[in-house]
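# A structural walkthrough
Chain by chain, the residues:
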Amino acid sequence: MLFRSGIDLATPVKEGLANEDGTYNILLPSSITRSGVYGLQVFVQTKHIQASPFNVTVGASDVYAMSCRPLPMAVGEIYTLATAGVTGQFLVEIRDFYGNAIAHDPRADIGFEATMTGVATSRIDIIKLTQGLIEVDFTATRDGKYQMLLTVADIEISGVPFDITIMPASFHPPGSSAGTSMFANAVVGRDLQFDLMSAD
C-alpha cells in the first residue's frame, strides 16, 4: 500500500512470479502525479515485512514548457513596466507536465532562454534558483516598447511573448544639451531664443 500523510493512494502491483533469488518485482502505479516522499507498506499474508513502511521519493518528470509561466517577484508587483537604466526583474516557474516544481540541477541544462527585443539593445541575466524558480533580470537604457520571449528547449512557455514598457529615467542635467548655434547672430534689442533638449 502506498500512502502519503496517512492517506492511501494506491496499491502497487506485484508482477509475475518470484525471481530466482526469491525477490519480487513491484510496479508503482502510474496514477502518482505529485512528486514528494511517500510511504510504501509491504505485507506478506497481512503482516508487515521487516522495516515496512519504506520511504519512496518520487521526483518530478521532465520540464514541460506549457506548464512554465512568468510571475512577479512579489504579489502585487508589475513586471511589465520598468525604468530606463534600472534593472527590472521577474520569476519564471519551471514545472513538469503535472505541475511539479523542477529543482535546479547544475548537471542538467533545460535549455531556458530569455530574449528581449525593442527600440534598442538590452541586457538580460538569468539566475537559476532552487525549487522550480528562475529569476530573470533585464535592463534597457532607451525608453519605449519591448517584447520578452521565454523558451525552454526552443519551445515557448505559457504567457509569452509579453510586452514590457520602459519609462524614461528621472531628469539628468549633465545629459541635457542646448542648441546654441544661433547665439552667433544675436542682435541688441531682440529676443534671443534657443532650444534646450532635456534628457534622462
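Notes on the structure in this doc start here. (Residues numbered from 1 in each chain as written. Predicted model: local features only at pLDDT ≥ 70, side-chain atom pairs only at ≥ 80, totals over all residues. Heavy atoms only, no water.)

Turning our attention to the nonpolar core. Counting residues in hydrophobic clusters, the biggest one holds 25 residues, and the most contacted among them are Phe 90, Val 92, Phe 112, Met 148, Leu 150 and Ile 166. Residue assignment for this core shows that the elements contributing at least two residues are β11 (88–93), β12 (112–118), β14 (133–140), β15 (144–152) and β17 (162–167). Setting aside anything within four residues of it in sequence, one finds Phe 90 in contact with Pro 70, Leu 71, Met 73, Tyr 79, Ile 134, Glu 135, Val 136, Phe 138, Met 148, Leu 150 and Phe 162. (Core = buried A, V, L, I, M, F, W, Y, C linked by side-chain atoms within 4.5 Å. Buried < 20%, exposed > 50% of the residue type's maximum accessible area, 1.4 Å probe, protein only. Helix = DSSP H or I, 4+ residues; strand = E, 2+ residues; numbered from the N terminus. Contact = heavy atoms within 4.5 Å.)

Looking now at the sheet that holds strand β9 (residues 69–71). Taking strand neighbours across the sheet as the criterion, the four strands line up as β9-β11-β14-β13 in an open arrangement whose pairing is antiparallel. Strands with a single pairing partner mark the edges of an open sheet, and in this sheet they are β9 and β13 (122–128). Between one strand and the next, the sheet's axes are offset by a mean angle of 30 degrees, whatever the strand orientation. Strand direction decides the pairing type here: β13 and β14, joined by seven bridges, are antiparallel. For Lys 128, the partnering residue across the bridge sits in β14 and is Ile 134. (Pairing = 2+ DSSP bridges. Axes fitted to C-alpha atoms, helices over the stretch in contact; angles between N-to-C directions.)

Applying the stated rule across the entire model yields six aromatic pairs. Centroid distance Tyr 64 to Phe 97: 5.0 Å. Interplanar angle 75 degrees. Geometry classified as edge-to-face. Placement of Tyr 64 in the loop between β8 (54–58) and β9 and of Phe 97 in the loop between β11 and β12 is noted, with a sequence separation of 33 residues between them. Here the aromatic rings of Tyr 79 and Phe 162 are separated by 5.3 Å at their centres, their planes lie at 80 degrees, and the arrangement is edge-to-face. One end of the pair, Tyr 79, is in the loop between β9 and β10 (81–83); the other, Phe 162, is in strand β17, with 83 residues separating them in the sequence. By the burial criterion, Tyr 79 is buried, and Phe 162 matches it. By the ring-pair criterion, three or more aromatic residues cluster together here, those being Tyr 79, Phe 90, Phe 138 and Phe 162. (Phe/Tyr/Trp six-rings, centres within 6.5 Å; stacked < 30°, edge-to-face > 60°.)

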